[in-house]
Amino acid sequence: MKRIVLVICLVFTGQAWAQAQKPAAEPAKPAPAAQDPAKPAMQASAKPRKPNPKRSEDARHCLERPTSTEIIKCAEEYL
């Protein structure tokens, strides 16, 4: 019984050690401040989405379609 517990502890310790070592091997990424200064201005000028008037309607009738593709296309109108 003690051997089984010892083996289980060694397995979990080995996995934890392997996970702790893995992120250290990744190269450091440059800071996001080095981005083009024009990009934040472009994001701020993006138009907000208009609310969909069909969103509150019932789309269960789409489930009567014969194929999954047709059901998805029908239901997308209500998103």
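S.K.: Tell me what's going on with the pattern of salt bridges, and back it up with residues and numbers.
M.R.: A complete count under the given rule lists two salt bridges for this structure. Across the pair Lys54 and Glu77 runs a salt bridge whose closest N-O atoms are separated by 3.2 Å. Separated by 23 residues along the polypeptide, Lys54 in the loop between α2 (38-44) and α3 (68-76) and Glu77 in the segment after α3 bring together distant segments of the chain. Lys54 gets classed as partly exposed once you look at its relative accessible area, which sits at 30%. Note that Asp58 is salt-bridged to Arg60, the shortest N-O span being 3.1 Å. Relative accessible area serves as the criterion here: at 60%, Arg60 is assigned to the exposed category.

S.K.: Break down the state of the cysteines for me, citing the residues and quoting the values.
M.R.: By definition, a disulfide links the sulfur atoms of two cysteines through a covalent bond. Within the structure shown, the criterion is met by one disulfide. A sulfur-sulfur separation of 2.0 Å characterises the disulfide bridge that pairs Cys62 with Cys74. A torsion of -60 degrees about the S-S bond marks the disulfide between Cys62 and Cys74 as left-handed. Placement of the pair is Cys62 in the loop between α2 and α3 and Cys74 in helix α3, with a sequence separation of 12 residues. For the pair shown, Cys62 and Cys74 are each scored as buried.

Conventions adopted
- Each chain has its residues counted from 1, following the order in which its sequence is written.
- Reporting of local features is limited, given that this is a predicted model, to residues whose pLDDT is at least 70; pairs of side-chain atoms are given and counted only at 80 or more, and all residues count toward the totals for whole chains, interfaces and linings.
- Here the side-chain values reflect all heavy atoms present in the structure, with hydrogen atoms and water set aside.
- Only one rule defines a salt bridge in this text: a Lys or Arg side-chain nitrogen within 4 Å of an Asp or Glu carboxyl oxygen.
- Segments assigned H or I by DSSP are reported as helices when at least four residues long, segments assigned E as strands when at least two residues long, and all are numbered from the N terminus.
- Note on classification: 1.4 Å probe, protein chains only; a residue is buried when its accessible area is under 20% of the maximum for its type, exposed when over 50%, partly exposed between these limits.
- Here, a disulfide means two cysteine sulfur atoms that sit within 2.5 Å of each other.

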